[in-house]
Every structure is written in C-alpha cells, then in structure tokens.
Amino acid sequence: MTFLMCALGWLAGCATMSPVERAAALEAQNKQRVQQLTEELYNLRKLDRIPEYIAEDFVDRSHGAPAGVVGPAALRQQAEASFQAFPDLKFDILHLVADGDLVLVHWQAAGPDPKHLDPTGEPQSLLLQGHSLYRLRDGKVVEAWDISDRLSPLLQRGYKVVPPTL
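What this report covers is the structure whose coordinates are included nearby. (Residues numbered from 1 in each chain as written. Predicted model: local features only at pLDDT ≥ 70, side-chain atom pairs only at ≥ 80, totals over all residues. Heavy atoms only, no water.)

Quick word on helix α4 (residues 72-85)
Here is step 1: Between its first and last C-alpha atoms α4 spans 20 Å; for 14 residues at 1.5 Å apiece the expected length is 20 Å, and the two agree.
Here is step 2: For α4, every residue scored as buried is listed here: Pro 72, Ala 74, Leu 75, Ala 79, Phe 83 and Ala 85. Buried positions in α4, seen along its axis, are confined to an arc of 165° and lie on one side of it.
Here is step 3: Those residues of α4 hidden inside the fold are in contact with α2 (19-43), α3 (50-53), β1 (54-60) and β3 (102-117). (Helix = DSSP H or I, 4+ residues; strand = E, 2+ residues; numbered from the N terminus. Expected span 1.5 Å × (residues − 1). Buried < 20%, exposed > 50% of the residue type's maximum accessible area, 1.4 Å probe, protein only. Arc of directions from axis to C-beta. Contact = heavy atoms within 4.5 Å.)

Re unusual backbone geometry
Here is step 1: Notably, Arg 45 is not glycine yet its phi reads approximately 60°, a positive angle.
Here is step 2: Tracing the backbone through its elements, the reader meets Arg 45 in the loop between α2 and α3.

A look at the nonpolar core
Here is step 1: Membership of the largest hydrophobic core comes to 27 residues, with the highest contact counts inside it found for Leu 37, Tyr 42, Ile 54 and Tyr 134.
Here is step 2: If near-sequence neighbours (up to four positions away) are discounted, Tyr 42 is found in contact with Leu 37, Leu 75, Phe 83, Leu 89, Phe 91 and Tyr 134. (Core = buried A, V, L, I, M, F, W, Y, C linked by side-chain atoms within 4.5 Å.)

Some words on the pairing of strand β4 (residues 123-137)
Here is step 1: Of the strand pairs in this sheet, β3 and β4 are connected by 13 bridges, and their pairing is antiparallel. Bridged to Asp 113 within β4 is Gln 124.
Here is step 2: The antiparallel pairing of β3 with β4 creates a hairpin that spans 5 residues between the two strands, and Gly 121 there sits at a positive phi of about 95°.
Here is step 3: Pairing between β4 and strand β5 (residues 140-148): 8 bridges, direction antiparallel. Considered in β5, the bridge of Leu 136 is made with Val 141.
Here is step 4: With antiparallel pairing between neighbouring strands as the criterion, β4 and β5 make up a hairpin whose turn holds 2 residues, including Asp 138 at a positive phi of roughly 55°. (Pairing = 2+ DSSP bridges.)

Examining the layout of surface pockets
Here is step 1: Space inside the largest pocket adds up to approximately 1,000 Å³.
Here is step 2: Lining the largest pocket are 35 residues, and of these Ser 82, Trp 107, Asp 146, Ser 148 and Arg 150 lie nearest its centre.
Here is step 3: Listing elements by their share of the lining of the largest pocket, those giving two or more residues are α2, β1, α4, β3, β4, β5 and α5 (151-156).
Here is step 4: Considering every element that reaches the lining of the largest pocket, the biggest residue donor is α4, with 6 residues.
Here is step 5: Here the lining of the largest pocket is composed, by residue class, of 22 nonpolar, 8 polar and 5 charged. (1 Å grid on protein atoms, 1.4 Å probe; cavity = no way out; pocket = protein on both sides within 12 Å on 5 of 7 lines; lining within 4 Å. Points joined across faces, edges and corners; volume = space filled by probe spheres on them. Nonpolar A, V, L, I, M, F, W, Y, C, P; charged D, E, K, R; others polar.)

Following this line, the structure appears as structure tokens:
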C-alpha cells in the first residue's frame, strides 16, 4: 500500500510539471545514465552491466564501426578489444551536454600503452581525447557516434606531420 501511495504521489507530481520541466528532468536523467555508463563500463570494466545501459536495437554509427553488429553485443565486442589493447586506460568526462534525447560527452582517456615502450622499457603514457554522442530511449543508449583525435597519439610517439612537396 505504501508503494502505491508513493507511486500515486509521484504521478501527481509529474502531472503538475510543465513541458519544459519534464524536458529538463529527462535531460538530467540521460546525462546521469551516460555518466554512469562511462564510469561502470569504461573505468570499472563491468561488462556484465552493458545490457543495463545498451538497448537491444543499439547501433554504433561511428565511422569504421563493424556493420551488422547490433545491441549490447556490439558494445561488448568493442569494449573487449579496447581493454585488451589498453588495459589501464582511465576515462574522464570533461564536458557533458544534453539536448532532448541526445547526450554529448567530451572525454579524455589516459594511461600506459603496453605496445609502445620508452627507452627504459616502461610503457609510454597515452593521452586520447574525443567526443561521444549518444541517443537514449527509456534510459538506454540506442545510437552512438564516436569521434576521437587519432593524430595526437602519433605525435606523442614522435611522428611528424610533413607537408607534401609540390
């Protein structure tokens, strides 16, 4: 009975919210979900939690994302490959912006790169930055677009940008 009274109270409160207040509440909820996703999946590596954040019809629309792989399995496949290559990478959210059902994350990831060693044999540090845009429905991500700076890691390793000769 107590649960029913709480639910009715919550519904009554929602009925008095303006459309602007409802939109702001949804945006805040979506930002919180994306922040939790980033922490639990990418920093704590809790891959068993993927179905709680990713919809069954999820599609990664990023350039180079594997075609035909949808749902939580798509994200798990990408995460496992990333964690194998960079097991100690830590993600920080620099900016988090919501607009309706879209949430944009400006992130930075840092950690050792086991494939590139410095002269003493220690892994070189790696710093990546990028943006991830998520579309959410009912608290789950249904679409994602990722853009990352692919030039900076090369420059960090000593590669040079050489202008073409004409």
